[in-house]
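Letter by letter, the chains look like this.
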Amino acid sequence: MASGQLSRAEALACSRCRHACHVMLYCDTNTLLFGSIPIRHIVLMQMRFDGLLGFPGGFVNLSKESLEAGLGRELSEELGVALQILEEDHVDSCFAPASSLSSSTSPRLITHFYTKKLEERQIRAVETAAVTTATDHGQEVLGMVRVPLHTTKSGGGLASFLSHSFISNARFQLLRTLTRLHLVAAEELQEALARSLKIRASTEEELRDALALVEGETP
C-alpha cells in the first residue's frame, strides 16, 4: 500500500483522527466545445471559500454518523440535492498532507474519497441546485466548476486547470481518478502536467512583478 494510504478498516480504527469525505461526481457526454472539441466527460469540482479547488464533501463525525451518511449530509448542504453515496463508491482513504497551519498536537486528518457516476441530466440538476437551493452556496462554496479535460490548440484546458491551487490532496485524487477510470489518456495527462509546470513558473514571475508594482505604489 502506498505511503499514507490506509485500508478502510485501518482508517475507521483511528479513533483519535479526524475524518473528511469527498466525492467526484462525473458523467459521459457527447457535447462538443465550439462544435469541434470533444468534451467526453463532465467532472465536477468546486471553488471553496478559501479560494482553493476541491471536491464536494466535508468533515464527518463518526460518533454520530457513518462515512457515507456524513458525506450525504455534506452534499445536501453544498449541492442542494440528496445523493445516495454507498460504501461501494469508496475509492481510498489516506492521511491528508500536513498543513503548515496545523498544530503538531492536532489530530491527524484522514480523507476518504469516493466516485459516483451519474447521467448527464443528473449532473445538470446538481449544478442547478448548487446555485438555487444549496445552503452553502456563496459561503463555504463559491461555485461549482467543470474540470476541462480537453486541450485547446493553444495548450489551454486541462493544463491551465491543474496549475491552480487545490486543497489538501484533491489534485492527486483528481489525477489518480482520471487515470483509474481512463477518462484521460496517460499521455495526455503527462503532457498537461508538463505544461502546467511551465504555467506555474510563468504565474510566479507575474506575481513577483505584481508585488513589486504594489509595493512601489504603497505610500
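Anything mentioned here points back to the structure above.
Report follows, based on the coordinates. (Residues numbered from 1 in each chain as written. Predicted model: local features only at pLDDT ≥ 70, side-chain atom pairs only at ≥ 80, totals over all residues. Heavy atoms only, no water.)

Right, let's get into the overall build of the protein. On a plain count of helices and strands, the protein comes out with six helices and ten strands. Relative to the compact-globule value of 17 Å for 219 residues, the protein shows a C-alpha radius of gyration of 19 Å, a close match. Projecting the C-alpha coordinates of the protein onto the three principal axes gives extents of approximately 50 × 50 × 40 Å. Here the protein, with 219 residues, has 42% of them falling under the buried criterion. A separation of at least 24 residues holds for 69% of the contacts in the protein among residues at least 6 apart in sequence. Taken as a whole, the protein presents about 12400 Å² of accessible surface, with 55% of it coming from carbon and sulfur. One finds the centroid of the 21 positive side-chain charges in the protein at a distance of 3 Å from the centroid of its 26 negative side-chain charges. (Helix = DSSP H or I, 4+ residues; strand = E, 2+ residues; numbered from the N terminus. Rg over C-alpha atoms; globule rule 2.2 N^0.38 Å. Buried < 20%, exposed > 50% of the residue type's maximum accessible area, 1.4 Å probe, protein only. Contact = heavy atoms within 4.5 Å. Areas by Shrake-Rupley, 256 points an atom, 1.4 Å probe, with all protein chains shown as cover. Lys, Arg positive; Asp, Glu negative; His and termini not counted. Charge placed at Lys NZ, Arg CZ, Asp CG, Glu CD.)

This brings us to the packing of aromatic side chains. The tally for this structure, following the rule as stated, stands at two aromatic pairs. Aromatic pair F161 and F166: ring centres 5.7 Å apart, planes at 80°, arrangement edge-to-face. As far as burial versus exposure is concerned, F161 and F166 are alike and both buried. Taking NZ or CZ as reference, R108 lies 3.9 Å from the ring centre of F95, over its face. (Phe/Tyr/Trp six-rings, centres within 6.5 Å; stacked < 30°, edge-to-face > 60°. Lys NZ or Arg CZ within 6 Å of the ring centre and 35° of its normal.)

This part takes up the state of the cysteines. Overall, the coordinates contain one disulfide when judged by the stated rule. Bridging C14 to C17, the disulfide has an S-S length of 1.9 Å. With the S-S dihedral at roughly 50°, the linkage between C14 and C17 falls on the right-handed side. C21 carries a free sulfur, and the closest cysteine sulfur to it, the one in C94, is 12 Å from it. (Disulfide = S-S within 2.5 Å.)

All right, on to the pairing of strand β2 (residues 18–28) then. Where burial is concerned, most of β2 is hidden: nine out of the eleven residues are buried. Pairing of β2 with strand β9 (residues 109–117), which is carried by nine bridges, proceeds in the parallel orientation. Bridging across to β9, C21 finds its partner in H112. Alignment of β2 against strand β5 (residues 41–48), held across three bridges, turns out to be antiparallel. The partner of D28 across the bridge, within β5, is H41. (Pairing = 2+ DSSP bridges.)

The next subject is the pattern of salt bridges. Considering all chains together, one arrives at twelve salt bridges under this definition. Among the salt bridges present, the one from R73 reaches E74, with a minimum N-O distance of 3.1 Å. In this structure, the salt-bridge partner of R146 is E127, at a minimum N-O distance of 2.7 Å. Pair noted here: R146 is in strand β10 (residues 141–146) and E127 is in helix α3 (residues 120–132), with a separation of 19 residues, a long-range link. R146 sits in the partly exposed class, given a relative accessible area of 35%. (Salt bridge = Lys/Arg side-chain N within 4 Å of Asp/Glu carboxyl O.)

Side-chain polar atoms of E127 contact the side chain of R146, separated by 2.7 Å. When near neighbours in sequence (up to four residues on either side) are disregarded, E127 contacts L44 and R146. (Polar contact = N/O pair within 3.5 Å; in protein donor to acceptor, adjacent residues only side chain to side chain.)

Right, let's talk about helix α6 (residues 186–217) for a bit. For α6, spanning 32 residues, the distance from its first C-alpha to its last is 46 Å, which sits close to the expected 46 Å at 1.5 Å a residue. Close packing links the buried residues of α6 with α4 (158–162) and α5 (170–180). (Expected span 1.5 Å × (residues − 1).)

Moving on to the environment of V147. Within the secondary structure, V147 is located in the loop between β10 and α4. A relative accessible area of 4% places V147 in the buried class. In sequence terms V147 and L44 are 103 residues apart; their C-alpha atoms lie 6.3 Å from each other.

For residues other than glycine, phi is negative in most cases, and the peptide bonds are mostly trans. Of note in the backbone geometry, F34 takes a positive phi value of approximately 55° without being a glycine. Along the polypeptide, F34 turns up in the loop between β3 (32–33) and β4 (37–38). For F34, a relative accessible area of 72% corresponds to the exposed category.

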